[in-house]
Amino acid sequence: MMKLKLKDFDDLRVKPGKAVDLSDHKTDRTHGVPKNPEEAIETLTQKLGVLQENLYAEGRRSLLVVLQGLDASGKDGTVRHVFDHVNPTGIQVISFKQPTTEELRHDFLWRCHNRTPPRGYIGVFNRSHYEDVLVVRVHADKLLAPELRGEGEGAAKEWQRRYRMITAFERILEDAGTRVLKFFLHISKEEQRQRFIARQKDPTKHWKLAEGDFEERKYWDHYQRAYEQMFPATSTKEAPWYIIPSDHKKARDFYIAGILVGILKEMDPQPPKLANPALTRLKFK
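Residues numbered from 1 in each chain as written. Predicted model: local features only at pLDDT ≥ 70, side-chain atom pairs only at ≥ 80, totals over all residues. Heavy atoms only, no water.

A. Expanded view of the packing of helix H2 (residues 75–82) against helix H11 (residues 249–267). It is at 10 Å that the axes of H2 and H11 come closest, and there the two elements cross at 60 degrees. The orientation of H2 relative to H11 falls into the category oblique. Here H2 and H11 pass one another in a crossing that is right-handed. Contacts between H2 and H11 pair Gly77, Thr78, His81 and Val82 from the former with Arg252, Asp253, Ile256, Ala257 and Leu260 from the latter. Tallied by class, the residues present in the contact of H2 with H11 amount to 4 nonpolar, 3 polar and 2 charged. (Axes fitted to C-alpha atoms, helices over the stretch in contact; angles between N-to-C directions. Helix = DSSP H or I, 4+ residues; strand = E, 2+ residues; numbered from the N terminus. Parallel < 35°, antiparallel > 145°, perpendicular 65-115°, else oblique. Left-handed = near helix turned anticlockwise from the far one by under 90°. Contact = heavy atoms within 4.5 Å. Nonpolar A, V, L, I, M, F, W, Y, C, P; charged D, E, K, R; others polar.)

B. Representation of the environment of His129. Tracing the backbone through its elements, the reader meets His129 in the loop between strand S3 (122–126) and helix H5 (135–138). Once residues within four sequence positions are removed from consideration, His129 is found in contact with Val66, Phe108, Leu109, Cys112, Ile166, Phe169 and Glu170.

C. A look at the side chain of Ser128. Inspection of the secondary structure assignment puts Ser128 in the loop between S3 and H5. A distance of 2.7 Å separates polar atoms of two side chains, one belonging to Ser128 and the other to Gln68. (Polar contact = N/O pair within 3.5 Å; in protein donor to acceptor, adjacent residues only side chain to side chain.)

D. Spatial organisation of H11. Spanning 19 residues, H11 covers 27 Å between terminal C-alpha atoms, matching the ideal 27 Å at 1.5 Å per step. Residue Asp268 follows H11 closely and has a positive phi angle near 50 degrees. (Expected span 1.5 Å × (residues − 1).)

E. Spotlight on the environment of Leu64. Its location among the elements puts Leu64 in strand S1 (residues 62–69). Given a relative accessible area of 0%, Leu64 falls into the buried group. Between the C-alpha atom of Leu64 and that of Thr89, which follows or precedes it by 25 residues, the distance is 15 Å. Setting aside chain neighbours within four positions, we find Leu64 in contact with Thr116, Pro117, Gly123, Phe125, Leu173, Thr178, Arg179, Val180 and Leu181. (Buried < 20%, exposed > 50% of the residue type's maximum accessible area, 1.4 Å probe, protein only.)

F. Representation of unusual backbone geometry within the structure. Of note in the backbone geometry, Ala72 takes a positive phi value of approximately 75 degrees without being a glycine. With respect to the element layout, Ala72 can be found in the loop between S1 and H2. The residue Asp268 is not glycine, and still its phi comes out positive at about 50 degrees. By secondary structure assignment, the location of Asp268 is in the segment after H11.

G. Inspection of the packing of aromatic side chains at higher detail. Tallied over the entire structure, the rule returns 11 aromatic pairs. Here Phe231 and Trp241 contribute two aromatic rings whose centre-to-centre distance is 5.4 Å and whose plane-to-plane angle is 75 degrees, an arrangement assigned as edge-to-face. Of the two residues, Phe231 sits in helix H10 (residues 220–234) while Trp241 sits in strand S5 (residues 241–245), which places them 10 residues apart along the sequence. With respect to burial, Phe231 and Trp241 carry one shared label: buried. One aromatic cluster is present, built from ring pairs that chain together Tyr130, Phe184, Tyr227, Phe231 and Trp241. (Phe/Tyr/Trp six-rings, centres within 6.5 Å; stacked < 30°, edge-to-face > 60°.)

H. The arrangement of the sheet that holds S1 in detail. Reading across from one edge, S2-S3-S1-S4-S5 is the order of the 5 strands in this open sheet, with parallel pairing throughout. Of all the strands in the sheet, the pair left with one neighbour each is strand S2 (91–95) and S5. Direction aside, the axes of adjacent strands within the sheet are offset by 20 degrees on average. Bridging between strand S4 (residues 178–186) and S5 involves 5 bridges; their strand directions are parallel. Note on S5: the bridge partner recorded for Leu185 is Ile244. Here H11 sits on the sheet and contacts S1, S3, S4 and S5; the angle it forms with S4, its principal contact strand, is near 165 degrees. (Pairing = 2+ DSSP bridges.)

By themselves, these are just geometric observations and shouldn't be taken as functional.
And the structure:
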């Protein structure tokens, strides 16, 4: 496998402030993916395991990975396959559900802050604080508190305010030693349909089906616009968004594993030196 560097994936990164049109980003792209992706993915995920162990041993910094995407885009599959060689004791996977009554009485970031990874850990948000500028925006009439709703310019100001809060929140994490990396799993509407049909046909996947799957497809274009408006406002140099082509699962895993390895190599976590070198020479009896 070629020696990959983080810059090899730079065309997938959303540049700060640059407008995004998702129709310009192919969901079935495989550019740069080796002919035998399984071998490359295995090599990358093994490297990821070693780098995570060093991060844990160092114990000074952490990495927060945000996974966002429409239903059936592959968030669960990404967690299973990309983090296959990461020690379970050094990773936290959090999935945010519908806010509780208590959480709704606070600002929308309140419930996220205490779920960020502690020093030495990789944290994965399977859905995240970005739900509050995506699904809440699409269904503002139902999910946004009445006192925050507005029309025209008033509504736009609410989303811009939330974008500012998110970027400020992520700067706080960065300043405290938590690197933030965000992936949008980009699939086509037809690919989503095929994945839903596959769930219908497979009894072991029936538990994944929900009435909302049928209803939310009606809002496909609304979600596309919500993502397009969110990306340039929240992709920063320190906490970038990557738009990951995800129609092909192996390509998705290759891109994400490669970027994660590149980021952790850039962070270069170093285990502490042994305080007492004589311990390496003592004989066990």
